[in-house]
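Notes for the structure review
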Amino acid sequence: MHSLIGTRANITSLTALHYPPVPEHVSEGQLRCGEHTDFGTITLLFQDEVPGLEVLNRHGRYIPAPPLPNTVVVNIGDLMQRWTADGIVSNKHRVVLPDTEALRKVSRRSLAFFVNPNDDAVITCLDDSGKYEPVNAGEYVKGKIAALTKE
Ligand SMILES: O=C(O)CCC(=O)C(=O)O
Ligand SMILES: [Fe+2]
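Values in this document were obtained by computation on a predicted structure and should not be read as measured data.

In terms of regular secondary structure, the protein chain is built from three helices and 10 strands. In sequence order, the secondary structure elements of the protein chain are arranged as β-β-β-β-β-β-α-β-α-β-β-β-α. The C-alpha extent of the protein chain, read off along each of the three principal axes, is 50 × 35 × 35 Å. Counting across all 151 residues of the protein chain, residues that qualify as buried make up 36%. By sequence separation, contacts in the protein chain at least 24 residues apart represent 76% of the contacts at least 6 residues apart. Here the protein chain displays about 9300 Å² of accessible surface, and carbon together with sulfur accounts for 57% of that area. Side-chain charges in the protein chain split into 15 positive and 18 negative, and the spacing between the mean points of these groups amounts to 3 Å.

This is the structure we're talking about:
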C-alpha cells in the first residue's frame, strides 16, 4: 500500500512549516494553524521548541501537545480512520498563538512527514463492515488538498 513512497505514484511528502513571529495586533481567535485532521495514513510531526500545538481529546477539549525533547508527535489521518472503520480515529488538532510576549516574537518551525498510501490504492474497511465506501487514496487526498486551497 505504501511501496511507492518516494515516486510520483505516491504523494507522501515532507513539509517544512514556518510560522512567522506574531504581529502586534491580531484578530480575536487568531490561530497559527486552524483546526483540521490530516488526510492520509499517519503524520510524523517534529516540532521546534515553540509551543502551540493542541489536540482535541475525546471529551471535546483541546489539550496542549507541547514540544518534548527527542519526541515525535504521531497524528492519525482520515484514510487510516476509514481503513480501520473508526478503530483508530484521525484526531483534530490546531496550532494556537503562544501566551508569552517572548515566544510570540520568535518564529515557530515544524516538519510534517505526511505518509499516504500509493495513489492507486483502494482503501476499504479492513473489518469488512462497509462503514465507509471504498475510496481511491490519491483522489481522496488530492481532493482534500484542492478543497483547502479553494477556501
Ligand atoms: O505545525 C504543526 O505543529 C502542525 C502542523 C499540522 O498539523 C499540519 O500541517 O497538518
Ligand atoms: Fe495537521
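This brings us to helix α3 (residues 137-150). Helix length check: α3, at 14 residues, gives a terminal C-alpha distance of 20 Å against a target of 20 Å (1.5 Å per residue), a fit within 8%. The set of residues buried in α3 consists of Ala137, Gly138, Tyr140 and Val141.

Turning to the UniProt feature "domain: Fe2OG dioxygenase" (unreviewed entry) in the protein chain, a few remarks are in order. With numbering aligned to this structure, UniProt lists the feature "domain: Fe2OG dioxygenase" (unreviewed entry) at residues 10-117. Here residues 10-117 runs as 9% helix and 39% strand, with 7 Å between its end C-alpha atoms.

This paragraph deals with the packing of aromatic side chains. For the structure shown, the criterion picks out zero aromatic pairs. Residue placement shows Arg94 over the ring face of Tyr62; its charged tip is 3.8 Å from the ring centre.

A word on the site of ligand 1. All residues adjacent to ligand 1 are Leu17, Tyr19, His36, Asp38, Leu45, His93, Val95, Arg108, Ser110 and Phe114. In the environment of ligand 1, an oxygen atom lies 2.9 Å from a nitrogen or oxygen atom belonging to the side chain of Arg108. Considering ligand 1 on its own, with 300 Å² of exposed area, one finds that the protein chains cover 93% of that surface. Spatially, ligand 1 is embedded in the largest pocket. Taken together, the elements giving at least two residues each to the shell around ligand 1 come down to β1 (13-19), β7 (93-96) and β8 (108-115).

Quick notes on the rules
Residues numbered from 1 in each chain as written. Chains lettered and ligands numbered in written order. Predicted model: local features only at pLDDT ≥ 70, side-chain atom pairs only at ≥ 80, totals over all residues. Heavy atoms only, no water. Helix = DSSP H or I, 4+ residues; strand = E, 2+ residues; numbered from the N terminus. Buried < 20%, exposed > 50% of the residue type's maximum accessible area, 1.4 Å probe, protein only. Contact = heavy atoms within 4.5 Å. Areas by Shrake-Rupley, 256 points an atom, 1.4 Å probe, with all protein chains shown as cover. Lys, Arg positive; Asp, Glu negative; His and termini not counted. Charge placed at Lys NZ, Arg CZ, Asp CG, Glu CD. Expected span 1.5 Å × (residues − 1). UniProt positions renumbered as here; feature names shortened; annotations may be inferred. Phe/Tyr/Trp six-rings, centres within 6.5 Å; stacked < 30°, edge-to-face > 60°. Lys NZ or Arg CZ within 6 Å of the ring centre and 35° of its normal. Near = heavy atom within 4 Å. Polar contact = N/O pair within 3.5 Å; in protein donor to acceptor, adjacent residues only side chain to side chain. 1 Å grid on protein atoms, 1.4 Å probe; cavity = no way out; pocket = protein on both sides within 12 Å on 5 of 7 lines; lining within 4 Å. Sits in = over half its atoms within 2 Å of the grid points.

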